[in-house]
Every structure is written in structure tokens, then in C-alpha cells.
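# Remarks on the overall topology
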Amino acid sequence: MSRCLPPPPSRSTPIRTLTLGLFLLSATGLAQTATLPALTLEDALTRLAQAPSVTAARLSVQVAQQNYAAARSALGLSVSVNGSAGYSGGFVSTAADGSTVNTASSLSGSAGVQVSLGLLPWASSQTGLQASARSLALAEARQQETQASTRLNVYAQYLAAVVAGQDVALANQTLAFRQRQQAVAQAQADLGNATPQSVLSAGADVLTAQASALSAAADLDAARRNLAALLNVDLTGTVFSSQPPSSVALPDLGALVARARTSSRSVVQARNDLADAQDTLNTQQRDANLPALNASLRYGPAGSGGLSASLNVKDGTAGVGYMLPLGGSSGADRLSASLSGSYVVYSPGVRAQVSAAQASVTQAQLSLNTAQSDAELNVRTRYSASQTATINLKTSETQVQVAQAGLDAAGLRLSAGTGTQDDVTAAQIALAQAQRNLIQARSTAQQAVLQLEHSVY
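The rules behind the values
- Residues numbered from 1 in each chain as written.
- Predicted model: local features only at pLDDT ≥ 70, side-chain atom pairs only at ≥ 80, totals over all residues.
- Heavy atoms only, no water.
- Core = buried A, V, L, I, M, F, W, Y, C linked by side-chain atoms within 4.5 Å.
- Buried < 20%, exposed > 50% of the residue type's maximum accessible area, 1.4 Å probe, protein only.
- Helix = DSSP H or I, 4+ residues; strand = E, 2+ residues; numbered from the N terminus.
- Contact = heavy atoms within 4.5 Å.
- 1 Å grid on protein atoms, 1.4 Å probe; cavity = no way out; pocket = protein on both sides within 12 Å on 5 of 7 lines; lining within 4 Å.
- Points joined across faces, edges and corners; volume = space filled by probe spheres on them.
- Nonpolar A, V, L, I, M, F, W, Y, C, P; charged D, E, K, R; others polar.
- Salt bridge = Lys/Arg side-chain N within 4 Å of Asp/Glu carboxyl O.
- Polar contact = N/O pair within 3.5 Å; in protein donor to acceptor, adjacent residues only side chain to side chain.

As a further point, take the nonpolar core. Note on soluble globular proteins: their nonpolar side chains tend to be buried together. In terms of nonpolar packing, the biggest core is built from 25 residues, with Leu 39, Tyr 158, Leu 227 and Phe 240 touching the most fellow members. Considering each element in turn, this core owes the most residues, ten residues, to helix α4 (residues 124-190). Those residues in contact with Phe 240 that lie beyond four places of it in its chain are Leu 39, Tyr 158, Ala 161, Val 162, Leu 220, Arg 224 and Leu 227. Core analysis: the second largest hydrophobic core is formed by 20 residues, Val 267, Leu 274, Ala 375 and Val 379 among them.

Shown next, in the form of C-alpha cells:
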């Protein structure tokens, strides 16, 4: 009805003044935005190394590398020197025939060198090296997972800030439009061409638009603060200038599944648990089946000194040493050997420990199988989500085309005199909303692909 009629000339001046004020306010905002510092997505990604979580993961890898290097050094020869010294004072003794015997004071001592090596595969140095290698592999897997997770969070917060910026612009545009409609409704009500209900409705629309503007500004501030916390930098007043890519490409599903089943952090952890359980089982089986056998061989003086060698079968260690007696010879050189050992014939406790270790190995194997299945399922789920996101992206592109066609039609109707400027403005806002939805769809599609790539860690 009469609501579509333009306001009389007497009321046009305030409306033009309001419109001009909104235009100047928008221009001032754009001028301020142009002077604000800009942060691209590439710049944000280059700051990943400063993220606290990435730094902590990198330090964990360095510690694991040092432990592995120390374990490797322990496999080398362990060389030690030893020595002893003694003094015996002289004394006089009486023989059975009544004669006296003088015994002179004497010095004695020895100096030698000892070399030991973890020779057998179950020596503590060998098992320690294997355990440290597994710890290093797990630390590296955790570092990759942390880096990928932090990278994904940076993408998510940055793109959230980009979408929030679009929301702010759209909310301000909608607010200006609603305020203009409210002014028109009030002017028409003053002339008696509109009802109080229409004025109240226009006022409610303004309040809704104001709430949307405040919510969009809060979302932008939250995304900015979250990204600043991730990167450990100050992003106050920063403008996010990058846009999500217009298209995404899905990686090969088979390659992702194979990688997730072998190198994901959960699989590496489960594999390490299985190896630890197997080591425990091997130790228990050796304790039950292997005798505690010690063998030694020495060639040298009858008293002490000379060249010696030893082997501890259960510990898996071997040693070689040489001892040089000081203060005189202890006799002619000769070869001597010794062998000692023990074997547990019956021990229910030892057998129970073996059975428990076997059960732990079985459980660890089942956990590894579960971890591999879960990793594959996670990849396939993420792949399906990525496919859905790409379809939604095409739908959003079509909606932009529809909104553009609606704007063109509204312009033609305005030119033909069958439409109003409000119709054109509403079509412009609808197009801006569709473009905002397209940016959101692009952001969602890119994050879906990133989550798919992250699922292999």
C-alpha cells in the first residue's frame, strides 16, 4: 500500500542526512581499516615455530635424541683402570729349634685395565638402545602430530577471523539498511501513512541488526585472541587479508590409509607398547629357561694378575682384563678356568610371571590392531567429510549466482519503475550474504582437507 511510497520532500532532508552520515561513518571505518596492520595466512604459518606447544614438542624430541645417543655410546667398549697397593712391616719369629727368623718388610700391589662389552642381544645396553629408539620414534610422531594440530588450529582461527570480518561488514550493511527503513517508517507514521506497529517492527529489526553486529564483532575478537595465543604474538587491530582458496583437491585415500596405519601417533604408541611387552616376555622366559652361568678364564701367575676373560650368560655381558702384579712375581704363569651356574628346576612363581607376560603381549597386539583400525576409520571418516564439504562448496557457488541474478532483476525492476530502491538494497544484502556463505563454505572445505591430512598423524 502506501508504505512503498517515497517520503514527502519535507522529510527527505533528515533521511538524506542520515544516509550521508552512515556513508561518512563507513568511509571513516574503511580509512581506519586501511591503516591497520595486515596479517596473511602465510605469515601466520611462518610463526608456527613460536607456538608454545610446538616448542615443547621440539624440546621433547631433543631430549629423546640425547637419550638415544647416550644409549648408543653405552654399546661401545667400557674401559676402566684399577690398582691396589699394600705394605707389610718386618717382624721376628722364633722357630721350633729356638732360632730366630727375621722377616723383612715388603711392598705389594697391582695395576690393571678392564674392558667390558654388552655382547649378547639381551644385554642391558642392547635393550636400552632399543627402548630409547622406540622413545625417539614416539617423540617424533608426537612432534609431527603437534605441528599438524597447531597448523590446523592456525588455519581454523585465521579463517574464522576472515569469516567474522565478513560477518562484521554484512552486519553493518544490514544495520544501515534497517536504520533507513526505520527512518522511513517513522516519517510515514508522522504523516499518518503507517501504523505504530510498522514503526515498532522496524525498530525491532534495527535492534536485531545491532545484536548481529555486536555478535560478529565479538566473534572477530575471539578469533583474533585465539590466534594470538596460538602464535604467541600480539594481533591487536590486525586485519586478516588472506582469503580461503576457491577450490580444494582431495588427496589419495589409499596413501592416507597406509600412512595412518603405520606412522600415526596412536599406532606408534601401540607398537612401542607391544615391543615393551615382548621384551618383558623375553626377559621372563630367559629367567625361567636360561641358567645363571658365569665363565671365567685367566692366564698369569699362580697368585694373581695376568690376562683374564669372563662371560655372564644371563646378563649377556663379556669382559677382558689384564692385571700386572707389583712387588715381585707370584709364581709361574699358568692357565686357569672356572665355570659356575645355577638353574631353577621348579618355581610356580616364575611360570606365573611368564604366563602374565604372554597375556600382556597378546593384549598389546590386540591394542595395536585396534589402533590401526581406528586410524583407518578416522581417515575414511575425514575423507567423507571432505567430499561433503566440496559438494557444499559447489552449492554455495550456485547460491551466489542466484543472488546475483536476483540483484540484476531488482535493478531492472527499479529501472522499469516497478520496483523500489529498498528492493535493490535487499538484493544487495542477499548477495553479500551469499558471498559470505561462499567464503564460509571455502573455509569449511579447506579445513576439512586439512583435517583429512592431519588424520594420518
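Moving on from the coordinates now.
For the rest of this paragraph, the subject is empty space enclosed by the protein. Going through the model one piece at a time under the given rule, you end up with one cavity of 30 Å³ or more. Roughly 40 Å³ of volume is contained in the largest cavity. What lines the largest cavity is simply Ala 288, Val 344, Val 345, Tyr 346, Ser 347, Val 350 and Arg 351. A per-class count over the lining of the largest cavity returns five nonpolar, one polar and one charged.

All right, on to the pattern of salt bridges then. Here the structure, examined in full by the defined rule, presents eight salt bridges. For Arg 180, the salt bridge is made with Asp 422, and the minimal N-O distance between the two is 2.3 Å. Of the two residues, Arg 180 is situated in helix α4 and Asp 422 in helix α9 (residues 421-454); the sequence distance between them amounts to 242 residues. Judged by its relative accessible area of 28%, Arg 180 falls in the partly exposed class.

The next point concerns the environment of Thr 236. Along the chain, Thr 236 falls in the loop between α5 (196-231) and β6 (239-240). For Thr 236, a relative accessible area of 64% translates into the label exposed. Sequence separation between Thr 236 and Arg 224 is twelve residues; the distance between their C-alpha atoms is 7.6 Å. Of note is the side chain of Thr 236, whose polar atom sits 2.7 Å from the side chain of Asp 234.

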